[in-house]
Amino acid sequence: MAQLAVVGAGYVGLVTAACLAKLGHRVICVEVDESRLNGLAAGEPPISEPGLAELVREQLRHGSLRFTGDYAGVAESEFIFIAVPTPSREDGSADTSHVLHAVNSLIPHVRPATVIVVKSTVPVGTTDRLAAMPPLLEARIEVVSNPEFLRQGTAVHDFLQPDRVVIGASSPDAAARVARLYSSIEAPIVAVDTRSAELAKYTANALLAARVSFMNEISHIAAAVDANVDDVARIVGMDRRIGPAFLRAGLGWGGSCFPKDVLALAAVANSNGCRTPILQAVYETNELQREHAAKLLLDAVRTIPGPIVAILGLAFKPNTDDVRGSPALGIAQHLLAEGVIVRAHDPFALVNASRVLPDVEYSEDAYSALDGADAILLATEWEEYYDLDWILVRESMRGKTVVDGRNALNGVLLTDLGFRYWSFGRATQSNGNGTGPHEGPMDSSPLGGATHTNGNGAVPREDGFASALDFRGAVAE
Ligand SMILES: NC(=O)c1ccc[n+]([C@@H]2O[C@H](COP(=O)([O-])OP(=O)(O)OC[C@H]3O[C@@H](n4cnc5c(N)ncnc54)[C@H](O)[C@@H]3O)[C@@H](O)[C@H]2O)c1
């Protein structure tokens, strides 16, 4: 059992703190946000993550987990995990100021020979730069990289049953000490140098994002040649060299990590003289999906006075209340700017979404959001949307357009019920077409006139990646 501190009580910090307490360590978690802190002390996590609230309350009761707003609380700790945000700067590079601030704040309190463990996703070289800070060198404090690979929505599970634990250290002793903290977890421990650990984290996220963007590109080809992208994904996913994960076409990726990490990796590459055409295409292809969905919706409602679009799902993916980088909010923002009335439902993310986009009409019930709508966008594939009574929905709607942003609905059934069903490269038996109704505007141009080379008049952004609609604006901090 070790005495640990975790700085930051968000998706990574709180899960790390609660899980390390569960593994038998004594953990103190330092959080600067007072309202978060008050909730946590009462056993109320500020984020929604399956199993997390129960785990936090259990560990609080056992006395293995405590929360504080005072950095002096780290004084007894042998290991201090840093899990604070590293958001995108305007130029796409990662802003490490929260990490620096956290480390500077704990320096007056930290005892000699403590190990600082960087869990935040940081640009390559950050761990080494922290380790070279004179006060840390003087106190023989080692800094180790221990990137986190958990997924929101299954964070507790992923932390306790990871595919691997990565430890990047410049001394074998520090690596071994950190490895021992995870000794009761059954997973390979991969000990490498700090820079490889940092780069591996960015590479994993960028590669996952690339798989999705690649399939999204294939979805437009499938639509153009009357093939079904779902079948294509199933077939290629059965190839053991490829595997089935992250091959579903749709609105693309969002969240707090993929967008910023793809940009940050490109920024690290560019500042080291490396070109990144693949990363650029991965990012731009993702943005095209949102533009594509927004255009489908606008084309469907353009001639209607007081058009209403209902969005099902606001979280960037199911089983989280996180709306950071959510495709749904980016599209909602664009529709609002075009004068569309936007209604939205989400089982968990209404509060977070309303902080970012107050002009959306939020509904606690999916059916009320859909009542009288001209078009629907399924943006997050929450399980409850699979069970909607579509006959009821059809009767209550004013229009009949459904844009299935996650290729998740039964397109054949919806078409048979009289909906105009649009998907991303899925053939529906009733119309035999790859992406939606034959008469639709996208038939002639699956990419809606947008091209990968910015041929739609998009302006280059400061981060160097071009975009007609910068949906990164819809990010809750
Ligand atoms: N969210 C994920 O799924 C995920 C997965 C892997 C890695 N990461 C990385 O982990 C890091 C944290 O991400 P997150 O999603 O947990 O962020 P978050 O925004 O959910 O949480 C960060 C927390 O840190 C607190 N904080 C900020 N500055 C602080 C300071 N100086 N001292 C104490 N507390 C401070 C904030 O108040 C907040 O509660 C980022 O680098 C991210 O890229 C995130």
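The structure contained in this document is the topic of the report that follows. Since this is a predicted model, take the numbers as computed values, not measurements.

**Quick notes on the pairing of strand β9 (residues 308–312)**
For β9, a buried count of five out of five residues is recorded, marking the element as mostly surrounded by other parts of the structure. Relative to strand β10 (residues 341–345), β9 is paired through five bridges, and the arrangement is parallel. Counterpart to Ala 310 in the pairing with β10 is Arg 343. Taking the sense of rotation as the criterion, the β-α-β connection linking β9, helix α13 (residues 327–337) and β10 turns out right-handed. For β9 and strand β12 (residues 375–378), the ladder comprises four bridges, and the chain directions are parallel. Its bridge partner being in β12, Val 309 is matched across the sheet by Ala 375.

**Points about the site of the ligand**
In the vicinity of the ligand there are 26 residues, among which Gly 8, Gly 10, Val 12, Ser 120 and Thr 121 approach most closely. Contributing elements (two or more residues each) for the shell around the ligand: α1 (11–22) and α4 (97–106). Residues of the shell around the ligand, tallied by class, amount to twelve nonpolar, ten polar and four charged.

**Overview of unusual backbone geometry**
The residue Arg 140 is not glycine, and still its phi comes out positive at about 55°. Within the secondary structure, Arg 140 sits in the loop between α6 (134–138) and β6 (142–145). With phi around 45°, Asn 407 is a residue other than glycine that occupies positive phi space. The residue Asn 407 is located in the loop between β13 (401–404) and α17 (411–416) in this model. Taking the C-beta count within 10 Å as the criterion, Asn 407 has 22 such neighbours and is therefore assigned buried.

**A short note on the packing of helix α12 (residues 277–301) against α13**
In the contact formed by α12 and α13, the axes pass within 10 Å of each other and the chain directions differ by 45°. As summarised for this structure, α12 and α13 are arranged oblique, according to the angle between their axes. Of the two elements, α12 crosses α13, and the hand of that crossing is right-handed. Within the contact between the two elements, α12 uses Arg 290, Ala 293, Ala 294 and Leu 297 and α13 uses Pro 327, Gly 330, Ile 331, His 334 and Leu 335. Residue composition of the contact of α12 with α13, by class: six nonpolar, two polar and one charged.

**Comments concerning the packing of helix α9 (residues 194–225) against helix α10 (residues 229–237)**
Taken N-terminus to C-terminus, the directions of α9 and α10 make an angle of 130°; their axes are 9 Å apart at the nearest point. In terms of orientation, α9 and α10 fall into the oblique class. Taken as a pair, α9 and α10 cross one another with a handedness that is right-handed. Each of Met 215, Ile 218, Ser 219 and Ala 222 in α9 lies in contact with α10, whose residues at this interface are Val 229, Val 232 and Ala 233. For the contact of α9 with α10, a count of residues per class yields six nonpolar, one polar and no charged.

**Re the nonpolar core**
In terms of nonpolar packing, the biggest core is built from 87 residues, with Val 7, Ile 80 and Ile 82 touching the most fellow members. Broken down by element, the residue count for this core peaks at ten residues, all from α9. Residue contributions to this core reach at least three from each of two domains, namely domain 1 (3–192) and domain 2 (258–472).

**Details of α9**
Over its 32 residues, α9 runs 47 Å from end to end, which matches the ideal 46 Å to within 8%, given 1.5 Å per residue. Positioned one or two residues after α9, Asp 226 has a phi angle of 65°, which is positive.

**Observations concerning the sheet that holds β9**
Consider a sheet: its strands pair through backbone hydrogen bonds, and that pairing is either parallel or antiparallel. One open sheet holds the six strands; their spatial order is β11-β10-β9-β12-β13-β14, and the pairing between them is parallel. A strand with exactly one partner marks an edge of an open sheet, and here the two such strands are β11 (361–363) and β14 (420–422). Between one strand axis and the next, the sheet turns by 20° as a mean value, whatever way the strands run. Here α12 sits on the sheet in contact with β9, β12, β13 and β14, set at roughly 165° to β12. Sitting on the sheet, α13 touches β9, β10 and β12, and the angle it makes with β10 is about 160°.

What counts, and at which threshold
Residues numbered from 1 in each chain as written. Predicted model: local features only at pLDDT ≥ 70, side-chain atom pairs only at ≥ 80, totals over all residues. Buried ≥ 20, exposed ≤ 12 C-beta atoms within 10 Å, placed from the backbone. Helix = DSSP H or I, 4+ residues; strand = E, 2+ residues; numbered from the N terminus. Pairing = 2+ DSSP bridges. Right-handed = clockwise from strand over helix to strand, strands pointing away. Near = placed C-beta within 6 Å. Nonpolar A, V, L, I, M, F, W, Y, C, P; charged D, E, K, R; others polar. Axes fitted to C-alpha atoms, helices over the stretch in contact; angles between N-to-C directions. Parallel < 35°, antiparallel > 145°, perpendicular 65-115°, else oblique. Left-handed = near helix turned anticlockwise from the far one by under 90°. Contact = placed C-beta atoms within 7 Å. Core = buried A, V, L, I, M, F, W, Y, C linked by C-beta atoms within 7 Å. Domains from an automatic or database assignment. Expected span 1.5 Å × (residues − 1).

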